[in-house]
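Each chain is listed here by its residues.
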Amino acid sequence: PNITSSAPPRGVVAQNYSFEVEATGIPLPTYAVTSGALPPGLSIDAGSGVIGGAPTTVGTFNFSIAASSDHGAPSIAAYTMNVYQAPAVTSGMPTFVAPVGVPYAFQVTATGIPAPAFELLGTLPQGLTLNPQTGVIGGTPVAPGGYESAFQIIANNGIDPPATSPQYWIAVDAPATITSGPPPASAQVG
């Protein structure tokens, strides 16, 4: 036998995975892991050479596969396989009211390996921005007014599918001010 397949593609936690280790030879060879270990959640079919399942653990895994038959020495190939995790937005709702002229900050958090970047879907109140690397919505609101249309945050690390937050709203309020003049100096009974 002679293994002819290239390196296996990356895997993603909790997503179905399939990769066929191919080998030539007559009679058809059988397959087995001879050193290292497949990522947890995956196994190899001895007859077909298909590595399948759904990975459960993130990491880099090194293993060797042997293709063996009744004739000649087995063919052994060493593989390295990376398992990643698709992103998921984990933060709750931002503080709803952002007063004009008062610094505002809300941290959008997301899981995923590699670490995701953040993207705005919609519009933030004037004076606020989203930092795409850190996920912080921050700044100082400059104009009062509620935002009737919601915005969302997308977390993307190149592993499909990207994660989309729930709909968020931020309303900008102006501080209360007293606009009336002083009361009259005297009042009559009744």
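Refer to the structure above for everything that follows.
Residues numbered from 1 in each chain as written. Predicted model: local features only at pLDDT ≥ 70, side-chain atom pairs only at ≥ 80, totals over all residues. Heavy atoms only, no water.

The next subject is the pairing of strand E7 (residues 50-53). Sheet topology places strand E3 (residues 17-20) next to E7; 4 bridges connect them, and they run antiparallel. Note that in E7 the partner of Ser18 across the bridge is Gly52. One ladder, built from 3 bridges, connects strand E6 (residues 42-44) with E7; its direction is antiparallel. Within the sheet, the bridge partner assigned to Ser43 lies in E7 and is Gly52. Count of turn residues in the E6/E7 antiparallel hairpin: 5 residues, of which Gly49 carries a positive phi of about 80°. (Pairing = 2+ DSSP bridges. Helix = DSSP H or I, 4+ residues; strand = E, 2+ residues; numbered from the N terminus.)

Moving on, we come to unusual backbone geometry. The amide bond that connects Ile26 to the next residue, Pro27, takes the cis arrangement and shows omega of 0°. Mapped onto the secondary structure, Pro27 falls in the loop between strand E4 (23-24) and strand E5 (30-36). In this structure, Pro114 follows Ile113 across a cis peptide bond, with omega equal to 0°. Positive phi is not limited to glycine here, since Ala14 has a value of about 70°.

In terms of nonpolar packing, the biggest core is built from 19 residues, with Val21 and Ile51 touching the most fellow members. Taken together, the elements giving at least two residues each to this core come down to E3, E6, strand E8 (59-68) and strand E9 (75-89). When neighbours within four sequence positions are excluded, Ile51 is seen to be in contact with Tyr17, Ser18, Phe19, Val21, Leu38, Leu42, Ser43, Ile44 and Phe63. In terms of nonpolar packing, the next biggest core, distinct from the first, is built from 15 residues, Ala98, Phe106, Ile137 and Tyr168 among them. (Core = buried A, V, L, I, M, F, W, Y, C linked by side-chain atoms within 4.5 Å. Buried < 20%, exposed > 50% of the residue type's maximum accessible area, 1.4 Å probe, protein only. Contact = heavy atoms within 4.5 Å.)

This part covers the packing of aromatic side chains. The tally for this structure, following the rule as stated, stands at 4 aromatic pairs. Ring centres of Phe19 and Tyr79 lie 6.3 Å apart, and the angle between their planes is 80°; this geometry places the pair in the edge-to-face category. In this pair, Phe19 sits in strand E3 while Tyr79 sits in strand E9, placing the two residues 60 residues apart along the sequence. There is no split in this pair, since Phe19 and Tyr79 are both buried. Taking 5.9 Å as the distance between ring centres and 70° as the angle between the ring planes, the aromatic pair formed by Phe151 and Tyr168 counts as edge-to-face. A residue pair is termed long-range when its members are at least 10 positions apart, and Phe151 in the loop between strand E15 (136-139) and strand E16 (152-156) and Tyr168 in the loop between strand E17 (163-164) and strand E18 (171-173) qualify at 17 residues. In textbook terms, an aromatic cluster arises when at least three aromatic residues are bridged by ring pairs, as seen for Phe19, Phe63 and Tyr79. (Phe/Tyr/Trp six-rings, centres within 6.5 Å; stacked < 30°, edge-to-face > 60°.)

Moving on, we get to the sheet that holds strand E13 (residues 117-121). Sheets are built from strands paired through backbone hydrogen bonds, the pairs being either parallel or antiparallel. Read from one edge of the open sheet, 3 strands run E13-E16-E17, paired in antiparallel fashion. The strands lining the two open edges of the sheet, one partner per strand, are E13 and E17.

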